[in-house]
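Chains, contacts and geometry: an overview
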Amino acid sequence: MPRVGLFIPCYVDQLYPQVGMATLELLERFGCDVEFPSAQTCCGQPMANTGCTNDARPLAEKFLSIFKDYEYVVCPSGSCTAMVTHHYEELLHGQPGYEELRKKTFELCEFLVDVLKVTKVEGRFPYKVGLHNSCHGLRELRLGSSSEMMVERFNKAGQLLSGLEGIELVPLKRPDECCGFGGTFAVAEEAVSCMMGLDRIHDHEQAGADVMTAGDMSCLMHMYGLITRQKKPIQVMHVAEILAGRQPAAARS
Amino acid sequence: MSDTLTVHHEHPDNATEFVADDSRAHWHDQSLWFVRSKRDKAASTLPEWEELRNRASGIKRHAMSRLADYLEEFERNATKLGVTVHWARTPAEHNQIVLDILQKHNAKKVVKSKSMLTEECHLNPFLERNGVEVVDTDLGEWIVQLRHEPPSHIVMPAIHIKREEIGELFHKHLGTEAGATDPPYLVNAARDELRRKFLNADVGITGVNFAIAETGGFVVCTNEGNADLGVSLPKVHIACMGIEKIIPRAADLGIFLRLLARSATGQPITTYSSHFHGPMAGGEMHIILVDNGRSAILSSPDFRRSLNCIRCGACMNTCPVYRRSGGHSYETTVPGPIGSILAPSRDAKTHKSLPFACSLCGSCSDVCPVKIDLHTQLLTWRKEIAVRGYLPLSKRLSMKFARILLGSTWLFTTAGRIGRWLVPKLPRFMVYNRLNAWGKQRELPPMPRQSFRELYRARKNQAGKK
């Protein structure tokens, strides 16, 4: 039984507990022994992406000490996973245990597909779904092929979702355009950020999606904010929620 | 005007202004996305696309690692072909060299094909101050020249201007019919006027896309043939190039030509790829090699790869921020992702907001034909800007605060509990006001009663009791 340390992004812990629960249930369903080490807070990405390396370092060190003894570390966020696997190098270079941590940390869909070799998730989700490919998951973790690259097409979240009964993944005009969240970018470049978000939502609407899903709740938090302000009917759900069998909160027809 | 951009604004302020005209911002976004889509189609026709990118990146990195040697080899071979090679450390030196050549020939009229380097050096205003008439003969560049504006894109300088506005501009300057917007009609009017400029020019200036060390020759890529025309009629040709334009061998050229036009506009190749190997009979050819900060970039391991750039503009076309904020919002000669790396290398304080004009989506890095790690370099610039103390106080303080809050599990969970309890109870004006940039157009997420860790603990206790 794989022993998994559950890495829940700080804002998911506080604001989206249902996404954490869905992740936990999903991992348990596929036979993992999951533990949430309660000392964890944040991986330090907000500071690192603002350029404040010295403010990020203590959090990276704290993260390493909390997670270093697990067999695997799994996280329902491409962005936070990429922080550990791609950007901790600079903060933790040469520290004992970091190299191992980097290799055993996975984003949820990546872990299900590549480590647990899950080919089909049982369940039913009879809705039209637009998959928003969150950027760090796509272009840093390579959870799917990016539209810019001329490589064989694949998509790990899409592969898992398409196994659900009744689901229809709708084609988007721009398959992997950024939603404009971008951490502090969302407030520092508020105008562009919101325009990007609205354009992203519109792409899902024109494709007829009932639900927008993504591997990162941060993108969805940003778009939920815009959707709610504009009273649009489209809903947002994390990939883990859909895979764990949750249904849209208010199925509007 | 490009030489009078002395008052610098932060990118978010310029972007906010651009976005405020929603229909124009969307038009701009869609125009550039159309070019990006054409690029995707063109790239997908080559099964070896990714291999070409690898090769091109490798050749450029190699060339940069031995730049001095290749430049000297180029100088030797170009000299053998009868070309006069000049070296310029700064824009001022470059401009003076051009002026000296013009004065030697008593030249008063110059036609210039597209050259971002001469934009970078602000050559036009310098020559005009010295009594020389310069005409940009690339249609887009000529349009922005008539409007007294800098280009907003390095390949499509007038991409920010609508057809109707060009009609008005030509009506004013060329006497075309008022209200005319028909592209062939406007293009013909421009062609007639430019033809006169070509015929009367004393000297032709071009940029350089690729300079080949092995042969001493160089290549200029255009779609309008304006480079050929501009240097075929006058007897004197001055070619201006940044020192990073060098490639080692003639055999390398094919790789870059295949990548350049596909990445830039989605064409298999530019309409004209003009090869120059020495002056015409009885004429003169000059090449000016310009540094202007490139050696400094070369000495930095973090930013060295930005010199791989072949100025295709693909990173601009794909950048979701560039598309929605316009090239002028960057207030640099080269805008977009690559410009946001190059500009701080010259003046980090002035351009400190540019590396943050980016959501770190990484699309630029994946689209770049020479594999510059653009978004990683933008992130590295953010760190540099923080280290040099140019971060705004608000960002510095909020990150210090976040470090303290998130550094302690107790503080983090307590603050979370209080926030989740308090925010829904507050009157709306206390949550959504001027201080809350998030809430200007967005609602906050719903505040759940319990955090994940609380639910997890409850579930574990439940399981323990069973």
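Residues numbered from 1 in each chain as written. Chains lettered and ligands numbered in written order. Predicted model: local features only at pLDDT ≥ 70, side-chain atom pairs only at ≥ 80, totals over all residues.

**Examining the domain arrangement of chain A**
All names here are of chain A. Considered domain by domain, chain A is made up of domain 1 (3-115) and domain 2 (128-243). Tallying the contact residues gives 25 residues for domain 1 and 21 residues for domain 2. Counting only elements with at least two residues in the side of domain 1 that touches domain 2, the list comes to helix 1 (10-15), helix 2 (17-29), helix 3 (45-50), helix 5 (78-92) and helix 7 (108-115). Of the residues contributing to the side of domain 1 that touches domain 2, the split by class is 13 nonpolar, 10 polar and 2 charged. (Domains from an automatic or database assignment. Contact = placed C-beta atoms within 7 Å. Helix = DSSP H or I, 4+ residues; strand = E, 2+ residues; numbered from the N terminus. Nonpolar A, V, L, I, M, F, W, Y, C, P; charged D, E, K, R; others polar.)

**A look at the interface of chain A and chain B**
Taken together, the 57 residues of chain A in the interface contact 56 residues of chain B. When contributions to the side of chain A that touches chain B are tallied by element, the ones reaching two or more residues are helix 1, helix 2, helix 3, helix 4 (53-67), helix 8 (135-140), helix 10 (185-188), helix 11 (190-206) and helix 12 (217-229) of chain A. When residues of the side of chain A that touches chain B are assigned to their parent elements, the largest contribution, 7 residues, is made by helix 12 of chain A. In terms of residue class, the side of chain A that touches chain B is built from 32 nonpolar, 15 polar and 10 charged.

**Digging into the sheet that holds strand 2 (residues 33-35) of chain A**
Residues and elements named next belong to chain A. Reading across from one edge, 2-1-3-4 is the order of the 4 strands in this open sheet, with parallel pairing throughout. For this open sheet the edge positions go to strand 2 and strand 4 (105-107), each flanked by a neighbour on one side alone. Between one strand and the next, the sheet's axes are offset by a mean angle of 30°, whatever the strand orientation. In this sheet, strand 4 lies alongside strand 3 (residues 72-75) in parallel orientation, the contact comprising 3 bridges. Looking across to strand 4, one finds that cysteine 75 is bridged to glutamate 107. Sheet strands touched by helix 5: strand 3 and strand 4. Its angle to strand 4, the strand with the most contacts, is close to 155°. (Pairing = 2+ DSSP bridges. Axes fitted to C-alpha atoms, helices over the stretch in contact; angles between N-to-C directions.)

**Some thoughts on the sheet that holds strand 6 (residues 218-222) of chain B**
Residue and element names in this part refer to chain B. Across the sheet, 4 strands lie side by side as 8-5-6-9; this open sheet has mixed pairing. The open sheet has two edge strands, strand 8 (246-247) and strand 9 (272-276), and neither has a second partner. Alignment of strand 6 against strand 9, held across 5 bridges, turns out to be antiparallel. Opposite phenylalanine 218, over in strand 9, you have phenylalanine 276 as the bridge partner. Together, strand 5 (210-212), strand 6, strand 8 and strand 9 form the strand contacts of helix 12 (residues 250-265), whose direction differs from that of strand 5 by roughly 170°.

**Things to note about the pairing of strand 6 of chain B**
Residue and element names in this part refer to chain B. Judged by how many residues are buried, strand 6 sits mostly within the fold: 5 of 5 residues are covered. Residues Phe218, Val220 and Thr222 point to one face of strand 6 and Val219 and Cys221 to the other, with burial holding for every one of them. For strand 5 and strand 6, the ladder comprises 2 bridges, and the chain directions are antiparallel. Bridge assignment links alanine 211 to a residue of strand 6, and that residue is phenylalanine 218. Linking strand 5 to strand 6, which pair antiparallel, is a turn of 5 residues; within it glycine 216 sits at a positive phi near 80°. (Buried ≥ 20, exposed ≤ 12 C-beta atoms within 10 Å, placed from the backbone.)

**Some remarks on the nonpolar core**
If you look at the biggest cluster of nonpolar residues, it comprises 211 residues, and the most contacted ones within it are Val74, Leu220 and Met223 of chain A together with Val110, Met241, Val290 and Cys315 of chain B. In terms of residue count, the dominant contributor to this core is helix 12 of chain A (8 residues). Excluding residues that lie within four positions of it along the chain, leucine 220 of chain A makes contacts with Met212, Ala214, Val236 and His238 of chain A. (Core = buried A, V, L, I, M, F, W, Y, C linked by C-beta atoms within 7 Å.)

**As for the confidence of the model for chain B**
A low pLDDT score tells you not to read the predicted coordinates there in detail. Per-residue confidence for chain B averages 96 on the pLDDT scale, and 98% of its residues sit at or above 70. The complex model carries a pTM of 0.96, and its ipTM stands at 0.97. (pLDDT = per-residue confidence, 0-100.)

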